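Analysis of the macromolecular model
In case you want the letters, here they are:
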Amino acid sequence: MGAVTVTQNNFNGGELSPLMGARTDQVRYANGCKKLKNMVVLPHGPVARRPGFQYAGECYYHDKKVRLIPFSFNADQTYVLEFGHRYFRIWKDGGLIVNYTGHAVEKRTPWSSDMLASLSFCQSADVLFVACEYCAPIKISRKSHMEWYLQDVMFGSRMQPPMSLIAKAKGESVREYSYVVTAIDPFTREESEPCVAVTVQGPETISVDSSITLTWNSENKNAIFAIYKCWNESDKYGFVGHASSRRWVDRGSTPDFSEGFPIHRYVFNSAVKYPSVVQFYQQRLCFAASKNQPQTVWMSRSGSYNNFNISDPLRDDDSIEATIAAERVNKIEWMIPGRKLIVGTAGSEWSLGGSDNKVITPSSIKFERQSVIGAAPVAPLVVGENILFLQHGGKVIRELQYSLQKDGYMGTELSILSEHLLKDNPVVSWAYQQEPYSIVWCVLEDGSLVGVTYERGHDVIGWHRHESDGLFESVCCVQGSDGDELWCVVKRQIGGQTKRYVERLAPYAVSDINNQVFMDSALSYHGEAKDTFTGLEHLEGKTVQILADGFVHPPQVVTGGKIILNSPAAVVHAGLQYTSELVPVEPEVVTPTGDSRGKMRRVSRMCVNVFESAEVKVGTAGSAPQRVALRDDVGLNNPPALFSGEKVVEINGGYEMQSNVQFTMEEPLSATLLSYSMDLEVGDR
């Protein structure tokens, strides 16, 4: 037998596919794992036990699906909207927002639980626009924490047209003239539709002495008015002047027919015209994909989101309607702004921009195909300068990266080395948690949760899987005081009944063991020391783990919504247990006699390097897991301190074809593994 020392000093390859089991030549193999459950890959290389999910509250309905949507006005004002069966509620700072009477702020909506997955969202300041193929576009407005409003989007100019236009002519009446007037916002330059036209008999030639005077009324106090004139022989109006008051005199102005008034367009006014996708781009509100026009994009007037009017002739800031010309009619599934507006269809990915890289206008617009992959109907994520999207079917994640050489986007598969995690199990909801560790969280169809630590600049793509006593249904992220907060909806079985809970991932890297939460659906108490704790009705009948003043308390069954400790404690956390596991890849060892494949292996000793950890067990296929003694002073009065450094464990495992080292963490305590090394005997038995 030959003895060698094998070291793995980082794990940012994440959990690798079983198909990678023999790919010792692949760069990520040496940094990968066979299994990585309930642990998070850190961009630096270590793996850490994931924090637990803290219980926030119950969903309104337990028998219908729920979807969480982020709402962020700024860094300090962020909310999570709980969309359920024909309602939405608002969560903030770990709890529901309530009104002055103590009841949850709740708004009724037209969307049933079956429609929630098809909703498309985009936000501008305090307004959230929602598109759905089953109803007309709707906007949700926030006035304060407790004041939220839901209303149909009213399309057209915000400026009201003038009223009661009157024309009076001086001189003989031998020729007919028609006029209309519009109102213009002096700040935004948004123009109203024209008022009702007035026709007047006037002189053959209008002049100072033979003029026509126009007067009108208007609701717009500070508006500027534009006057358009028609020589009735032409049957077309042209611009003749501006007025700052409600009166204007025509002394012979010649119409400029290259500048016409806005024309109202009736968009999205029937069931087959309702758009299913919404997004912002270049100060325009963009809708796409109605039932009768699945490949069409509609863009509002520039700077006027509700205004889809056009002019005759067209102006650069007019609304736009553009349709993809492709071999197949593949529905537009999503749009995302980038260097151009990226449009994902069921068959390919396109960019929409102005001709010659100019700003989009009605006369300067073109589609360019970027890739022929096909997208799933789940909104993509923007991570840095890249766009992550789900391939058609939802089982492959791709990233769209801009290529300077191609002058376009390339769709690289992101999940190929860990394809087993998504195999026959598509992503149904996902979110990007930028702080602190740049993780994309994915809810899969079977209710499991997977994450990928994604830091493209440092070539880190590490996958990890997560389980809990329940099924995940929806996730979203909002900015919090300690980084981005991951919120989720979890379906759990409590007392034989289905319950849906809103839960929030506890903070990472908490250095005080008293404040660490490594339990799911957990509740915490901080206050005067006591031994009886209530409020755990959401876990009635469940066995919960308990951390009391930093000590692991024996598990208890929740009865009557309470637990009773053996002794009083001032800081207590209680929740559902989850187990964290790490199984590294089998190392390829070259011995003096050649390759180690096909030879027996035995692990005799291991050195474990941890950071701020309180509990780790390690074992092999031929030995029972052993607790690593991270605490030197086994005192009874002080909680265990978080240990950083190296510890040696005698394994004395048996001879096996593979070493199958396994790290396990079951107690509600933290663990961060930096590296490990093992003394490995390799040879023929």
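All values reported here derive from a predicted model rather than from experimental measurement. (Residues numbered from 1 in each chain as written. Predicted model: local features only at pLDDT ≥ 70, side-chain atom pairs only at ≥ 80, totals over all residues. Heavy atoms only, no water.)

What about the overall build of the protein chain?
Of the regular secondary structure elements, the protein chain holds 0 helices and 56 strands. C-alpha extents for the protein chain along the principal axes are approximately 120 × 65 × 40 Å. Expressed as a percentage of contacts within the protein chain between residues at least 6 apart in sequence, the contacts between residues at least 24 apart total 62%. Roughly 29,600 Å² of accessible area belongs to the protein chain as shown, and the carbon and sulfur atoms make up 48% of that amount. Each charge sign in the protein chain was given a centre, from 66 positive and 78 negative side chains, and these centres are 3 Å apart. (Helix = DSSP H or I, 4+ residues; strand = E, 2+ residues; numbered from the N terminus. Contact = heavy atoms within 4.5 Å. Areas by Shrake-Rupley, 256 points an atom, 1.4 Å probe, with all protein chains shown as cover. Lys, Arg positive; Asp, Glu negative; His and termini not counted. Charge placed at Lys NZ, Arg CZ, Asp CG, Glu CD.)

Quick word on the side chain of R50
Here R50 lies in the loop between strand 5 (47-49) and strand 6 (53-58). With relative accessibility at 1%, the residue R50 sits in the buried group. Here N38 takes part through its side chain, which lies 3.2 Å from a polar atom of the side chain of R50. (Buried < 20%, exposed > 50% of the residue type's maximum accessible area, 1.4 Å probe, protein only. Polar contact = N/O pair within 3.5 Å; in protein donor to acceptor, adjacent residues only side chain to side chain.)

Focus on the sheet that holds strand 16 (residues 163-169)
By definition, the strands of a sheet pair up through backbone hydrogen bonds, in either a parallel or an antiparallel sense. Spatially, the 3 strands line up as an open sheet ordered 16-19-22, and their pairing is antiparallel. Each edge of the open sheet is held by one strand with a lone partner, namely strand 16 and strand 22 (247-250). Ignoring strand direction, the axes of neighbouring strands in this sheet form an average angle of 15°. The pairing of strand 19 (residues 212-217) with strand 22 spans 4 bridges and is antiparallel. Note on strand 22: the bridge partner recorded for T215 is R247. (Pairing = 2+ DSSP bridges. Axes fitted to C-alpha atoms, helices over the stretch in contact; angles between N-to-C directions.)

Brief notes about the nonpolar core
Of all hydrophobic cores here, the largest spans 30 residues; its most connected members are L582, M606 and F663. Contributing elements (two or more residues each) for this core: strand 1 (2-8), strand 3 (32-37), strand 4 (39-41), strand 51 (600-613), strand 54 (643-650), strand 55 (662-665) and strand 56 (672-683). (Core = buried A, V, L, I, M, F, W, Y, C linked by side-chain atoms within 4.5 Å.)

A closer look at the sheet that holds strand 12 (residues 120-124)
Strand order in the open sheet made by the 4 strands is 12-13-14-15, with antiparallel pairing throughout. A strand with exactly one partner marks an edge of an open sheet, and here the two such strands are strand 12 and strand 15 (148-152). Going from strand to strand, the sheet's axes swing by 20° on average, the running direction of each strand aside. Looking at chain direction, strand 13 (residues 127-132) and strand 14 (residues 135-142) are connected through 5 bridges and run antiparallel. Of the residues in strand 14, the one forming a bridge with C132 is C135.

A few points about the environment of Y60
Secondary-structure assignment places Y60 in the loop between strand 6 and strand 7 (67-72). Using a relative accessible area of 38% as the deciding quantity, one classes Y60 as partly exposed. Along the chain, Y60 and Y501 lie 441 residues apart, while their C-alpha atoms are 9.3 Å from each other.

From the geometry alone we can't say anything about function, so treat these as descriptive.
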